Amino acid sequence: LTPNGKLDRNALPEPGQRGSQNNGELALPKDDWEALVANIWKQALGVEQVGRKDNFFDIGGHSLLVIQVLKELRESDRVTKAIQMTDLFRFTTIESIAKFVSADASEAVTSDVTTSRVAARKAAKGRRRRR
């Protein structure tokens, strides 16, 4: 901090290239779907390695990069499923996105976030009825 109590930006270290948040071993992609998503992430984030359990937003991703990742996924020949931007905010790891993208229409792929939102909506609906 400066003598005035403000942040001394000159004293901060240079921003480095962000990579995997796992300090131990890197969880490499285990199938072709995860490898596809990992390559798209590496290109969008400008990093050399990402782990399959890394959260996109924790390793430097942001909403503008989500648009780039979405574009790359949609342009991929292998992805036939219609992917929405909200799907990339729900499934934030390589593992979960790959599972979602590779799932058949008959398979239900949900996340904890989606499940909790559904529960919150039902609870709100019940409170409105009681009024």
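Here, the structure is the one placed above.
Residues numbered from 1 in each chain as written. Predicted model: local features only at pLDDT ≥ 70, side-chain atom pairs only at ≥ 80, totals over all residues. Heavy atoms only, no water.

**Examining helix α1 (residues 32-45)**
When the terminal C-alpha atoms of α1 are compared, their 20 Å separation across 14 residues agrees well with the 20 Å that a helix rising 1.5 Å per residue should span. Every buried residue of α1 is accounted for by W33, E34, L36, V37, A38, I40, W41, A44 and L45. Considering only its buried residues, α1 is in contact with α2 (63-75) and α4 (94-102). Where α1 starts, the residue carrying a side-chain oxygen 3.3 Å from the main-chain nitrogen of W33 turns out to be D31. Of the residues trailing α1, G46 is marked for its positive phi of about 70°. (Helix = DSSP H or I, 4+ residues; strand = E, 2+ residues; numbered from the N terminus. Expected span 1.5 Å × (residues − 1). Buried < 20%, exposed > 50% of the residue type's maximum accessible area, 1.4 Å probe, protein only. Contact = heavy atoms within 4.5 Å. Polar contact = N/O pair within 3.5 Å; in protein donor to acceptor, adjacent residues only side chain to side chain.)

**Considerations on empty space enclosed by the protein**
To find leftover empty space, one rolls a probe the size of a water molecule over the atoms. Enumeration over the complete set of coordinates arrives at 1 cavity of 30 Å³ or more. Each pocket or cavity is described by its volume, and for the largest cavity that value is around 40 Å³. Contributing to the lining of the largest cavity are W41, F56, V66, V69, L88 and I97. (1 Å grid on protein atoms, 1.4 Å probe; cavity = no way out; pocket = protein on both sides within 12 Å on 5 of 7 lines; lining within 4 Å. Points joined across faces, edges and corners; volume = space filled by probe spheres on them.)

**Quick notes on the nonpolar core**
Note on soluble globular proteins: their nonpolar side chains tend to be buried together. Formed by 26 residues in total, the largest nonpolar core has its most connected members in W41, L45, V50, V69, L73 and I97. Elements with a contribution of two residues or more to this core: α1, α2 and α4. Broken down by element, this core gets its largest block of residues, 8 residues, from α1. (Core = buried A, V, L, I, M, F, W, Y, C linked by side-chain atoms within 4.5 Å.)

**What about the side chain of D87?**
Counting through the fold element by element, D87 comes out in helix α3 (residues 85-90). With sequence-adjacent residues up to four places away left out, D87 is seen in contact with A82 and F100.

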